[in-house]
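An overview of the molecular structure
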Amino acid sequence: MKIQTTEIDQQIGARVREFRLLRSMSQEALAERLGITFQQLQKYEKGMNRVSVSVSVSASALMLICKELGITPYVQLTTSSSTLSATRIPLRPIPHFPPTSLR
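The present account deals with the structure reproduced in this document. Every value quoted in this text rests on a predicted model; they were computed, and no experiment measured them.

1. Examining the overall build of the protein chain
A tally of helices and strands in the protein chain yields six helices and zero strands. Counting from the amino terminus, helix and strand elements in the protein chain follow one another as α-α-α-α-α-α. Here the contacts in the protein chain between residues at least 6 apart in sequence split such that 65% fall between residues at least 24 apart. When the accessible surface of the protein chain is totalled, it reaches about 6,500 Å², and 58% of it is carbon and sulfur.

What follows is the structure, given as structure tokens:
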């Protein structure tokens, strides 16, 4: 049974895209760092697939995405699009670790 996505999934995906673009990072580059295909990342960004945020999973998809973008889940979930364009969100440098995997 396919899980239905919601408006929240679309908002999370849109913010993932905004933060990725703030980093001047391509979908291919971020997907590679996450260990997924760029098509999967594209589905996250468009809200077509739900980004895992389960607290029971130690490394949820949202946590891995935030780690790779150098932001916290709090910033990802609470920063509006207008705030992104009006101010400079402090982004942590991206450490160079081996790619993580969402598989």
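Moving on, there is more to tell.
2. Considerations on unusual backbone geometry
Of note, Ser-24 is a non-glycine position whose phi angle comes to about 55 degrees, a positive value. By the element assignment, Ser-24 lies in the loop between helix H1 (7–22) and helix H2 (27–34).

3. Side note on the packing of H1 against helix H3 (residues 38–46)
Put simply, H1 and H3 touch, their axes get as near as 5 Å, and they point 120 degrees apart. Between H1 and H3, the angle falls in the class oblique. On H3, the residues touching Asp-9, Gln-10, Gly-13, Ala-14, Val-16, Arg-17 and Arg-20 of H1 are Leu-41, Tyr-44, Glu-45 and Lys-46. In terms of residue class, the contact of H1 with H3 is made up of four nonpolar, two polar and five charged.

4. Things to note about the pattern of salt bridges
Following the criterion strictly, the structure yields four salt bridges and no others. The partner of Glu-45 in a salt bridge is Arg-20, with the nearest N and O atoms 2.6 Å apart. Of the two residues, Glu-45 is situated in helix H3 and Arg-20 in helix H1; the sequence distance between them amounts to 25 residues. Here Arg-20 falls in the buried class, since its relative accessible area comes to 5%. The shortest N-O distance in the salt bridge between Lys-67 and Glu-68 comes to 4.0 Å. Among the ionic contacts, a cluster of salt bridges with common partners joins Arg-33, Lys-67 and Glu-68.

Cut-offs and rules
Residues numbered from 1 in each chain as written. Predicted model: local features only at pLDDT ≥ 70, side-chain atom pairs only at ≥ 80, totals over all residues. Heavy atoms only, no water. Helix = DSSP H or I, 4+ residues; strand = E, 2+ residues; numbered from the N terminus. Contact = heavy atoms within 4.5 Å. Areas by Shrake-Rupley, 256 points an atom, 1.4 Å probe, with all protein chains shown as cover. Axes fitted to C-alpha atoms, helices over the stretch in contact; angles between N-to-C directions. Parallel < 35°, antiparallel > 145°, perpendicular 65-115°, else oblique. Nonpolar A, V, L, I, M, F, W, Y, C, P; charged D, E, K, R; others polar. Salt bridge = Lys/Arg side-chain N within 4 Å of Asp/Glu carboxyl O. Buried < 20%, exposed > 50% of the residue type's maximum accessible area, 1.4 Å probe, protein only.

Interpretation note: all reported values are geometric properties and have no functional meaning in isolation.
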